[in-house]
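# Notes for the structure review
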Amino acid sequence: LIYPRIIKVTFQKEFKMRILLTWMLSLVFIYAADLSYAGSSTIGKTVFPVLAKEFSQKTGHTFSRIENPGSGQGVEALLKDKVDLAGISRGIEDKERAQNLRFFIIGYDAIGVVVHKDNPVKNLSMEQVRAIFSGKITNWSEVGGKDAPIEVVVEILGAKRATQIVFTEIVFDTKTLIGTYSKDAIEVDAPLDEVAYVKNHPNAITAVSMVFSKTNPDVKSLAINGVEAVEKNIADGSYPISRPLILVTKENISAPLLQFLEYVYSKEAQAIINKTFVSAR
(Lines give C-alpha, C1' and ligand atoms only; values in the text may rest on other atoms or scores of the structure.)
Protein backbone atom coordinates (compact mmCIF):
# COMPACT_ATOMS: atom_id res chain seq x y z
CA LEU A 1 0.00 0.00 0.00
CA ILE A 2 2.88 2.38 0.52
CA TYR A 3 4.44 1.87 -2.94
CA PRO A 4 2.19 4.33 -4.78
CA ARG A 5 3.05 7.07 -2.29
CA ILE A 6 6.80 6.38 -2.55
CA ILE A 7 6.59 6.41 -6.33
CA LYS A 8 4.59 9.64 -6.25
CA VAL A 9 7.01 11.37 -3.87
CA THR A 10 10.03 10.14 -5.82
CA PHE A 11 8.49 11.33 -9.09
CA GLN A 12 7.71 14.72 -7.59
CA LYS A 13 11.29 15.11 -6.34
CA GLU A 14 12.74 14.08 -9.68
CA PHE A 15 10.37 16.39 -11.50
CA LYS A 16 11.34 19.31 -9.29
CA MET A 17 15.03 18.50 -9.68
CA ARG A 18 14.65 18.40 -13.46
CA ILE A 19 12.92 21.78 -13.43
CA LEU A 20 15.70 23.19 -11.23
CA LEU A 21 18.41 21.71 -13.44
CA THR A 22 16.74 23.02 -16.58
CA TRP A 23 16.50 26.47 -15.00
CA MET A 24 20.17 26.40 -13.96
CA LEU A 25 21.27 25.31 -17.43
CA SER A 26 19.18 28.02 -19.01
CA LEU A 27 20.97 30.59 -16.85
CA VAL A 28 24.34 29.22 -17.99
CA PHE A 29 23.39 29.63 -21.63
CA ILE A 30 21.72 33.02 -21.07
CA TYR A 31 24.99 34.32 -19.66
CA ALA A 32 27.21 32.25 -21.93
CA ALA A 33 30.11 34.18 -23.36
CA ASP A 34 30.73 34.69 -27.05
CA LEU A 35 34.49 34.29 -27.49
CA SER A 36 36.81 34.75 -30.48
CA TYR A 37 40.20 33.52 -31.69
CA ALA A 38 42.61 34.76 -34.35
CA GLY A 39 46.13 33.75 -35.25
CA SER A 40 48.13 30.72 -36.29
CA SER A 41 46.44 28.41 -38.78
CA THR A 42 48.58 25.58 -37.43
CA ILE A 43 46.49 25.86 -34.25
CA GLY A 44 43.30 27.37 -35.63
CA LYS A 45 42.70 24.87 -38.43
CA THR A 46 43.56 21.74 -36.46
CA VAL A 47 42.97 21.26 -32.74
CA PHE A 48 41.35 24.58 -31.85
CA PRO A 49 37.93 23.93 -33.43
CA VAL A 50 37.77 20.57 -31.62
CA LEU A 51 38.75 22.12 -28.29
CA ALA A 52 36.26 24.96 -28.78
CA LYS A 53 33.43 22.54 -29.56
CA GLU A 54 34.10 20.35 -26.53
CA PHE A 55 34.43 23.41 -24.29
CA SER A 56 31.15 24.81 -25.58
CA GLN A 57 29.33 21.58 -24.84
CA LYS A 58 30.65 21.64 -21.29
CA THR A 59 30.09 25.31 -20.45
CA GLY A 60 27.83 26.95 -23.03
CA HIS A 61 30.57 29.44 -23.88
CA THR A 62 31.18 29.46 -27.62
CA PHE A 63 33.90 30.62 -30.02
CA SER A 64 31.77 32.18 -32.72
CA ARG A 65 34.85 33.40 -34.60
CA ILE A 66 37.92 31.30 -35.33
CA GLU A 67 40.10 33.16 -37.82
CA ASN A 68 43.51 32.19 -39.18
CA PRO A 69 45.36 35.24 -40.54
CA GLY A 70 48.68 34.10 -39.07
CA SER A 71 50.45 34.50 -35.72
CA GLY A 72 51.51 38.14 -36.07
CA GLN A 73 48.14 39.38 -37.26
CA GLY A 74 46.44 37.40 -34.52
CA VAL A 75 48.44 39.20 -31.84
CA GLU A 76 47.70 42.54 -33.52
CA ALA A 77 43.97 41.75 -33.43
CA LEU A 78 44.25 40.89 -29.73
CA LEU A 79 46.05 44.14 -28.94
CA LYS A 80 43.32 46.09 -30.78
CA ASP A 81 40.62 44.27 -28.76
CA LYS A 82 39.21 42.65 -31.89
CA VAL A 83 39.50 39.14 -30.44
CA ASP A 84 39.68 37.55 -27.00
CA LEU A 85 42.44 35.07 -27.75
CA ALA A 86 45.36 34.83 -30.17
CA GLY A 87 47.46 31.86 -31.25
CA ILE A 88 51.12 31.83 -32.25
CA SER A 89 53.14 28.88 -33.53
CA ARG A 90 56.63 30.30 -33.02
CA GLY A 91 58.71 31.76 -30.24
CA ILE A 92 57.55 34.88 -28.41
CA GLU A 93 59.00 38.08 -29.85
CA ASP A 94 60.53 40.79 -27.64
CA LYS A 95 57.95 43.35 -28.79
CA GLU A 96 55.18 40.96 -27.71
CA ARG A 97 56.75 40.45 -24.28
CA ALA A 98 56.74 44.22 -23.85
CA GLN A 99 52.96 44.42 -24.33
CA ASN A 100 52.03 42.88 -20.94
CA LEU A 101 50.49 39.87 -22.65
CA ARG A 102 50.13 36.42 -21.12
CA PHE A 103 51.40 33.33 -22.91
CA PHE A 104 50.31 29.70 -22.51
CA ILE A 105 52.24 26.87 -24.20
CA ILE A 106 49.70 24.18 -25.07
CA GLY A 107 51.90 21.82 -27.11
CA TYR A 108 54.74 21.44 -29.58
CA ASP A 109 54.88 21.01 -33.34
CA ALA A 110 57.50 20.01 -35.88
CA ILE A 111 58.05 21.62 -39.25
CA GLY A 112 58.60 18.89 -41.79
CA VAL A 113 60.74 19.19 -44.90
CA VAL A 114 58.24 17.64 -47.29
CA VAL A 115 58.73 16.07 -50.72
CA HIS A 116 56.74 13.86 -53.08
CA LYS A 117 56.30 10.24 -51.95
CA ASP A 118 58.26 8.96 -54.97
CA ASN A 119 61.31 11.11 -54.29
CA PRO A 120 64.15 8.66 -53.47
CA VAL A 121 65.82 11.09 -51.04
CA LYS A 122 65.16 10.15 -47.39
CA ASN A 123 67.49 12.40 -45.41
CA LEU A 124 69.06 15.83 -45.71
CA SER A 125 71.61 17.58 -43.54
CA MET A 126 70.71 21.02 -42.23
CA GLU A 127 73.37 22.44 -44.56
CA GLN A 128 71.69 20.78 -47.55
CA VAL A 129 68.27 22.10 -46.49
CA ARG A 130 69.72 25.61 -46.27
CA ALA A 131 71.36 25.30 -49.68
CA ILE A 132 68.22 23.96 -51.36
CA PHE A 133 65.86 26.62 -50.02
CA SER A 134 68.34 29.43 -50.73
CA GLY A 135 68.79 28.25 -54.31
CA LYS A 136 72.44 27.17 -54.04
CA ILE A 137 71.52 23.54 -54.69
CA THR A 138 69.12 23.35 -57.63
CA ASN A 139 69.14 19.70 -58.72
CA TRP A 140 68.10 16.61 -56.78
CA SER A 141 71.16 14.73 -58.05
CA GLU A 142 73.32 16.95 -55.82
CA VAL A 143 71.78 15.38 -52.70
CA GLY A 144 71.46 11.77 -53.84
CA GLY A 145 68.27 12.05 -55.86
CA LYS A 146 67.52 11.79 -59.53
CA ASP A 147 68.68 14.26 -62.16
CA ALA A 148 65.80 16.76 -61.93
CA PRO A 149 65.47 20.47 -61.06
CA ILE A 150 64.30 21.23 -57.51
CA GLU A 151 61.14 23.33 -57.13
CA VAL A 152 61.18 25.24 -53.84
CA VAL A 153 57.73 26.07 -52.47
CA VAL A 154 57.12 28.55 -49.64
CA GLU A 155 54.26 30.48 -48.10
CA ILE A 156 53.88 34.06 -49.32
CA LEU A 157 56.98 35.66 -47.82
CA GLY A 158 55.46 39.09 -47.45
CA ALA A 159 52.69 37.65 -45.26
CA LYS A 160 55.24 36.72 -42.57
CA ARG A 161 53.48 33.52 -41.57
CA ALA A 162 54.76 31.86 -38.39
CA THR A 163 55.79 28.57 -39.99
CA GLN A 164 57.96 30.37 -42.52
CA ILE A 165 59.44 32.61 -39.84
CA VAL A 166 60.33 29.71 -37.53
CA PHE A 167 61.79 27.67 -40.39
CA THR A 168 63.86 30.67 -41.52
CA GLU A 169 65.16 31.37 -38.01
CA ILE A 170 66.16 27.75 -37.40
CA VAL A 171 67.59 26.95 -40.83
CA PHE A 172 69.06 30.34 -41.82
CA ASP A 173 69.54 31.98 -38.41
CA THR A 174 67.77 35.13 -39.57
CA LYS A 175 64.30 36.67 -39.39
CA THR A 176 64.64 38.14 -42.87
CA LEU A 177 62.36 36.29 -45.28
CA ILE A 178 62.55 38.21 -48.52
CA GLY A 179 65.94 37.75 -50.14
CA THR A 180 66.81 34.69 -48.07
CA TYR A 181 65.05 32.18 -50.29
CA SER A 182 65.73 31.15 -53.87
CA LYS A 183 64.74 33.81 -56.39
CA ASP A 184 62.82 31.07 -58.19
CA ALA A 185 60.86 29.97 -55.11
CA ILE A 186 57.15 29.44 -55.73
CA GLU A 187 54.98 31.33 -53.22
CA VAL A 188 51.56 29.96 -52.25
CA ASP A 189 48.96 31.14 -49.78
CA ALA A 190 48.71 28.49 -47.06
CA PRO A 191 50.16 25.19 -45.75
CA LEU A 192 47.54 23.05 -47.49
CA ASP A 193 48.46 24.78 -50.75
CA GLU A 194 52.12 23.85 -50.19
CA VAL A 195 51.25 20.20 -49.63
CA ALA A 196 48.93 20.17 -52.65
CA TYR A 197 51.68 21.60 -54.84
CA VAL A 198 54.19 18.97 -53.72
CA LYS A 199 51.60 16.23 -54.23
CA ASN A 200 51.18 17.28 -57.85
CA HIS A 201 54.83 18.12 -58.61
CA PRO A 202 57.27 15.23 -58.00
CA ASN A 203 60.34 17.50 -57.91
CA ALA A 204 58.99 20.01 -55.39
CA ILE A 205 60.03 20.56 -51.77
CA THR A 206 58.45 22.65 -49.02
CA ALA A 207 58.56 23.24 -45.26
CA VAL A 208 55.23 22.81 -43.52
CA SER A 209 53.77 21.88 -40.15
CA MET A 210 53.65 18.10 -39.83
CA VAL A 211 49.93 18.22 -39.14
CA PHE A 212 49.25 19.24 -42.74
CA SER A 213 51.39 16.53 -44.32
CA LYS A 214 51.57 13.42 -42.14
CA THR A 215 48.14 12.08 -43.12
CA ASN A 216 48.68 12.70 -46.83
CA PRO A 217 49.93 9.47 -48.48
CA ASP A 218 51.21 11.34 -51.53
CA VAL A 219 53.94 13.22 -49.66
CA LYS A 220 56.59 12.37 -47.08
CA SER A 221 58.77 14.20 -44.57
CA LEU A 222 62.53 13.81 -44.74
CA ALA A 223 64.78 13.08 -41.79
CA ILE A 224 67.04 16.02 -40.92
CA ASN A 225 70.59 15.21 -39.82
CA GLY A 226 69.42 11.61 -39.60
CA VAL A 227 66.58 12.41 -37.16
CA GLU A 228 62.97 11.73 -38.15
CA ALA A 229 60.13 14.09 -37.25
CA VAL A 230 58.29 11.66 -34.96
CA GLU A 231 56.70 12.36 -31.58
CA LYS A 232 59.56 11.04 -29.46
CA ASN A 233 62.16 13.11 -31.30
CA ILE A 234 59.98 16.23 -31.19
CA ALA A 235 59.33 15.83 -27.47
CA ASP A 236 62.99 15.35 -26.54
CA GLY A 237 64.16 18.13 -28.87
CA SER A 238 66.39 15.96 -31.06
CA TYR A 239 64.45 16.81 -34.22
CA PRO A 240 65.97 20.20 -35.08
CA ILE A 241 63.02 22.03 -36.69
CA SER A 242 60.34 22.26 -34.01
CA ARG A 243 58.39 25.00 -32.24
CA PRO A 244 55.97 25.74 -29.39
CA LEU A 245 52.22 26.25 -29.86
CA ILE A 246 51.08 29.18 -27.73
CA LEU A 247 47.79 30.83 -26.81
CA VAL A 248 47.99 34.54 -26.00
CA THR A 249 45.67 36.73 -23.92
CA LYS A 250 45.74 40.22 -22.49
CA GLU A 251 46.72 40.60 -18.84
CA ASN A 252 43.15 40.74 -17.55
CA ILE A 253 41.48 37.44 -18.40
CA SER A 254 37.70 37.17 -18.32
CA ALA A 255 36.10 34.34 -16.33
CA PRO A 256 34.91 32.44 -19.46
CA LEU A 257 38.34 32.73 -21.08
CA LEU A 258 40.00 31.55 -17.86
CA GLN A 259 37.65 28.56 -17.92
CA PHE A 260 38.80 27.76 -21.45
CA LEU A 261 42.48 27.98 -20.54
CA GLU A 262 41.91 25.70 -17.56
CA TYR A 263 40.12 23.27 -19.87
CA VAL A 264 42.99 23.33 -22.38
CA TYR A 265 45.34 22.00 -19.69
CA SER A 266 42.96 19.24 -18.61
CA LYS A 267 43.84 15.62 -19.39
CA GLU A 268 40.96 15.47 -21.86
CA ALA A 269 42.08 18.51 -23.85
CA GLN A 270 45.76 17.57 -23.78
CA ALA A 271 44.81 14.15 -25.15
CA ILE A 272 43.07 15.92 -28.05
CA ILE A 273 46.17 18.01 -28.69
CA ASN A 274 48.39 14.94 -28.50
CA LYS A 275 46.50 13.29 -31.36
CA THR A 276 47.92 15.92 -33.70
CA PHE A 277 50.92 17.46 -31.95
CA VAL A 278 53.02 16.75 -28.86
CA SER A 279 51.06 17.76 -25.76
CA ALA A 280 52.41 20.18 -23.18
CA ARG A 281 51.97 17.73 -20.29
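That block above? That's the structure.
If you're wondering where the values come from, they're calculated on a predicted model, not measured in any experiment.

### Overview of the packing of aromatic side chains
- Tallied over the entire structure, the rule returns 9 aromatic pairs.
- With a centroid separation of 5.0 Å and an interplanar angle of 85 degrees, the aromatic rings of F48 and F63 are classed as edge-to-face. Of this pair, F48 sits in helix 3 (residues 47–59) while F63 sits in strand 2 (residues 62–67), placing them 15 residues apart in sequence.
- Exposure remark for F48: the relative accessible area of 1% places this residue in the buried category.
- When the ring of F55 is compared with that of F260, the centres are 5.1 Å apart and the planes differ by 75 degrees; the resulting orientation is edge-to-face. With F55 in helix 3 and F260 in helix 10 (residues 255–264), this residue pair connects regions lying 205 residues apart in the sequence. Across the pair, F260 and F55 agree in class, each one buried.
- Each member of the aromatic cluster is reached from another via a ring pair, and the members are Y37, F48, F55, F63, F260 and Y263.

### Focus on the layout of surface pockets
- Estimates place the volume of the largest pocket at around 410 Å³.
- Taken together, 22 residues make up the lining of the largest pocket; nearest its centre are G72, E76, E93, K95 and K160.
- Residue assignment for the lining of the largest pocket shows that the elements contributing at least two residues are helix 4 (71–79) and helix 5 (94–97).
- Looking at which element gives the most residues to the lining of the largest pocket, the answer is helix 4, with 6 residues.

### Concerning the nonpolar core
- Formed by 38 residues in total, the largest nonpolar core has its most connected members in V113, I132, F133, F167 and I205.
- Among the elements of the structure, strand 4 (102–116), helix 6 (126–134), strand 6 (151–155), helix 7 (162–172) and strand 8 (204–209) are those that each provide at least two residues to this core.
- For I132, the residues in contact, after removing those within four places along its chain, are L124, I137, W140, V143, I150, V152 and I205.
- Residues L85, V208, L261 and V264 belong to the second largest nonpolar core, which totals 35 residues.

### Re helix 11 (residues 267–274)
- What helix 11 keeps buried is the set A269, Q270, I272 and I273. Seen end-on, helix 11 carries its buried residues on one side only, within an arc spanning 155 degrees.
- Where helix 11 is buried, its residues meet helix 3, strand 4, helix 10 and strand 12 (278–279).

Criteria and thresholds
- Residues numbered from 1 in each chain as written.
- Predicted model: local features only at pLDDT ≥ 70, side-chain atom pairs only at ≥ 80, totals over all residues.
- Heavy atoms only, no water.
- Phe/Tyr/Trp six-rings, centres within 6.5 Å; stacked < 30°, edge-to-face > 60°.
- Helix = DSSP H or I, 4+ residues; strand = E, 2+ residues; numbered from the N terminus.
- Buried < 20%, exposed > 50% of the residue type's maximum accessible area, 1.4 Å probe, protein only.
- 1 Å grid on protein atoms, 1.4 Å probe; cavity = no way out; pocket = protein on both sides within 12 Å on 5 of 7 lines; lining within 4 Å.
- Points joined across faces, edges and corners; volume = space filled by probe spheres on them.
- Core = buried A, V, L, I, M, F, W, Y, C linked by side-chain atoms within 4.5 Å.
- Contact = heavy atoms within 4.5 Å.
- Arc of directions from axis to C-beta.

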